[in-house]
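What follows is each chain in one-letter form.
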Amino acid sequence: MQNAEPAAPEAEPLLEPREGVPPVVVDATGLDAVITAFAAGTGPVAVDAERASGYRYGQRAYLIQLRRAGAGTALIDPIGCPDLSGLDAALADAEMVLHAANQDLPCLAEVGLVPRRLFDTELAGRLLGYPRVGLGSMVENVLGFLLEKGHSAADWSTRPLPDDWLRYAALDVELLVELRDALHGELVAAGKLEWALEEFAAILATPPKPPRTDPWRRTSGIHRVRNRRALATVRELWTARDAIARERDLSPGRVLPDAAIVELALNPPKTPADLQSLPTMRSRGARRHQSAWLRAVARARALADRALPEANLPGDGPPPAHRWADRDPEAAKRLTAARAVVAALADEHTMPSENLLQPDSVRRLAWSPPAESSAAAIAAALRALGAREWQVGLTAQPLAKAFLRLAVKGDA
C-alpha cells in the first residue's frame, strides 16, 4: 500500500501590510509625494482599484492602490485627486501588474492612469490552468498566504473609508508583484510566456467598447416580454430610470429593479393604486419616483405602432447555435467538430477552451468558413476574428483538418 501524499502546508493569514496602512492621499501635496516616491522606485508597479458597483452610477474608481519596490504602498482617493496623469508620466516605463485588468483599466483611464506594459495575474493563472483564478485563490495557491476578501462588494464611495476597508485595500496589492514574479516563472517553465505577453498586449491595444445599441434590451427578465407594446414600456421605463440614476449618482438597480420594469411592462398600471398593488413596487425606493414610472408607461401606451421597437434586432453574427441543425446542418457539424478540436487542444495545453479560442470566434468560423479549408485560409479567418498569433499557431491546422474531413465525407 502506497503512503498517502503529504498534505499541502496550511496557508498563512495575511493580516497587516508590511509597512502598515498608509494614509489616504486626498490632495495635490500628497499626490506629489507619491509621484516622487514611485518615480524613484524600481520594478513593476502593482495596481488595483475599488469601485462602488451596485451603489453608484457608472464604474468610476473610489480608491486606487499602488505598490512598488522602494516606494511602498499608496492609497489614492481619486475624488480628491481626479487627475493622475502626473503619476502616469512618472510610471511610463514601468510594467503595471493588475489582477483581472479588464475590470479596472476603464476606471483607471478615467483618471489618466494608462499602462504601457501590463502583466495580468488572473489571465496568467488561466493560461497556466489554475482551476480558481480569483486573487485570493491565486495568492493562496501560489504564494501560500490567505487574503481576506470580505469587503470586495462594499460601497467604496463611503467617506471616510473605515480602517478595516483600507487595510483590506492595501493588502490587495501587498503581494501582487510577488505573485507576478512567481507566475512569470511558471509561464517560462511551461513555454507559455510569449502567449501571455501577446494576451497582455492585446488587452492594452483593445479600444474602449462603443456604447451598446438599445442597452435597455439587456434588462434582466426581458425574455418574458412577448409583444412590441410591452417592449416599448420596458424601453421607456429603462430610459426614465437611467436619467434618474445618473442625476442622483445611484446604481440603476437601486432606483428601480429590473424585475419591477418587467412587471410594469407585463401589467401596465394606469393609476398610482394600480402601480402600488404590484409586488415589485412595494419598496419605498421603487415608489419614490412612481409618477415617473406612470408617465413612462403612458408614453409607451400612446406610441403609434410604427414607433414600437422590433421584437428582435438583427444580429451581426450567426444565429443561436441550437438553431443551426435546422437552418444549416453543415454549419452545425462544423461547429461540433471545431468545438471538439478546441476542447482537445485546450486540455492538451492545460487551459480553459475560451482562453485558447473565444467561443464567438469558433461560432463565426463554423458559420461562415473561408471558401478554402486550408490551414492558411483558416489562419487568415482567425486573425480577422481577433485571434492572437499563438492561438492561430495552435488551432489553424487542426481546424482545417477537421473541416476537410467533413468535406471529404460530404458532411460540409
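Everything quoted here is computed from the prediction, not taken from an experiment.

## Observations concerning the environment of Leu 14
Mapped onto the fold, Leu 14 is located in the loop between β1 (12-13) and β2 (24-25). Residue class for Leu 14 comes out buried when judged on its relative accessible area of 12%. Taking the C-alpha atoms as reference points, Leu 14 and Arg 405, 391 residues apart in sequence, are found 55 Å from one another. Once residues within four sequence positions are removed from consideration, Leu 14 is found in contact with Phe 145, Leu 146, Leu 147, Leu 171, Glu 174 and Leu 175.

## Remarks on the sheet that holds strand β6 (residues 95-98)
Taken together, six strands build an open sheet; the order of strands is β2-β5-β4-β3-β6-β7 and the sheet is mixed. Both edges of this open sheet fall to β2 and β7 (117-120), since each of them pairs with a single strand only. Against the sheet, helix α3 (residues 101-110) makes contact with β3 (42-51), β4 (61-69), β6 and β7, and its axis sits at roughly 85 degrees relative to β3, the strand it touches most.

## Comments concerning the side chain of Arg 68
Within the secondary structure, Arg 68 is located in strand β4. This buried residue, Arg 68, is left without a salt bridge; Asp 93 holds the nearest opposite charge, at 8.2 Å. Ignoring any residue separated from it by four or fewer positions in sequence, one finds Arg 68 in contact with Phe 38, Ala 39, Gly 41, Thr 42, Gly 43, Pro 44, Val 45, Leu 91 and Ala 94.

## Remarks on the pattern of salt bridges
Opposite charge on two side chains lets them pair, provided their charged atoms get close. Counted under the stated rule, the structure contains 22 salt bridges. Measuring nitrogen to oxygen at the nearest pair gives 3.9 Å for the salt bridge that ties Arg 56 to Asp 249. Here Asp 249 lies in the loop between α9 (228-248) and α10 (252-255) and Arg 56 lies in the loop between β3 and β4, a separation of 193 residues in the sequence. Judged by relative accessible area, Asp 249 falls into the partly exposed class, the value being 27%. Three or more residues joined by partner-sharing salt bridges are found here, namely Arg 18, Glu 19, Arg 67, Glu 174 and Glu 178.

What counts and what doesn't
Throughout this document, residue positions are counted from 1 along each chain, in the order its sequence is written. Only residues with pLDDT of at least 70 get local features here, since the model is predicted, and only at 80 or more are side-chain atom pairs given and counted; chain-wide, interface and lining totals rely on the full set of residues. To obtain the side-chain values, all non-hydrogen atoms of the structure were used and water was disregarded. Segments assigned H or I by DSSP are reported as helices when at least four residues long, segments assigned E as strands when at least two residues long, and all are numbered from the N terminus. For each residue, the accessible area found with a 1.4 Å probe, counting protein chains only, is set against the maximum for its type, and the residue is called buried under 20%, exposed over 50%, and partly exposed in between. Note on definitions: a residue-residue contact is assigned when non-hydrogen atoms from the two residues lie within 4.5 Å. We treat two strands as partners when DSSP finds at least two bridges between them. For helices, the axis comes from a line fit to the C-alpha atoms of the stretch in contact; other axes are also lines fit to C-alpha atoms, and the angle between any two N-to-C directions lies between 0 and 180 degrees. As used throughout, the charge tally considers Lys and Arg to be positive and Asp and Glu to be negative, leaving His and the chain termini uncounted. A pairing counts as a salt bridge when a side-chain nitrogen of Lys or Arg comes within 4 Å of a carboxyl oxygen of Asp or Glu.

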